[in-house]
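Analysis of the macromolecular model
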Amino acid sequence: MAKESMKAREVKRAKLVAKYAAKRAELKAAGDYEALQALPKNASPVRLHNRCKITGRPKGYVRQFGISRIQFREMASNGLIPGVKKASW
């Protein structure tokens, strides 16, 4: 499990990105790079990092499901993900 502070930080960054998205696009279109520099660092979408929705794990993220590879494997084995089953031959 990730620290709660790390999860909260990511949520805060996501809110900032959404808040400044329109303004960033407008400034980029105008070519006003000095004004872009004045925006908060965490308002940049590049600073976002995908995390598992269940555990907050930052690595091994499966984008299609929004969870880490470990949680994906456990849930698939337990039959909690529709249409996914463990291959065995």
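This is a predicted model, so every value here is computed, not measured. (Residues numbered from 1 in each chain as written. Predicted model: local features only at pLDDT ≥ 70, side-chain atom pairs only at ≥ 80, totals over all residues. Heavy atoms only, no water.)

The next subject is the domain arrangement of the protein chain. Taken as a whole, the protein chain is organised into domain 1 (1-48) and domain 2 (50-82). Centre-to-centre, using C-alpha coordinates, domain 1 lies 25 Å away from domain 2. Note on domain 1 versus domain 2: buried area summed over both sides is about 400 Å², and carbon and sulfur give 57% of it. Applying the counting criterion to the domain 1 and domain 2 interface returns zero salt bridges. Connecting domain 1 to domain 2 are zero residue pairs in polar contact (both at pLDDT 80 or more). Its residues assigned to classes, the side of domain 1 that touches domain 2 comprises four nonpolar, no polar and two charged. (Domains from an automatic or database assignment. Buried area = accessible area lost by both parts, 1.4 Å probe. Salt bridge = Lys/Arg side-chain N within 4 Å of Asp/Glu carboxyl O. Polar contact = N/O pair within 3.5 Å; in protein donor to acceptor, adjacent residues only side chain to side chain. Nonpolar A, V, L, I, M, F, W, Y, C, P; charged D, E, K, R; others polar.)

Our next topic: helix α1 (residues 4-30). With 27 residues, α1 ought to run about 39 Å at 1.5 Å a step, and its terminal C-alpha atoms sit 39 Å apart, in line with that. The largest bend along α1 reaches roughly 50° and is located at Tyr20. Downstream of α1 by a residue or two, Gly31 has a phi angle that is positive, lying close to 80°. (Helix = DSSP H or I, 4+ residues; strand = E, 2+ residues; numbered from the N terminus. Expected span 1.5 Å × (residues − 1). Bend = angle between axes of the 7 residues up to and from the residue.)

This part takes up the pattern of salt bridges. Summed over the entire model, instances satisfying the criterion amount to two salt bridges. For Glu4, the salt bridge goes to Lys7, with nearest N and O atoms at 3.3 Å. Remark: Lys7 and Glu4 occur in helix α1; sequence separation between them is three residues, near one turn of the helix.

Right, let's get into the nonpolar core. Grouped burial of nonpolar side chains is what soluble globular proteins tend to show. With five residues, the main nonpolar core is built from Tyr20, Leu27, Leu36, Leu39 and Ala43. Filtering out sequence-adjacent residues up to four positions away, Ala43 remains in contact with Leu16, Val17, Tyr20 and Arg24. (Core = buried A, V, L, I, M, F, W, Y, C linked by side-chain atoms within 4.5 Å. Buried < 20%, exposed > 50% of the residue type's maximum accessible area, 1.4 Å probe, protein only. Contact = heavy atoms within 4.5 Å.)

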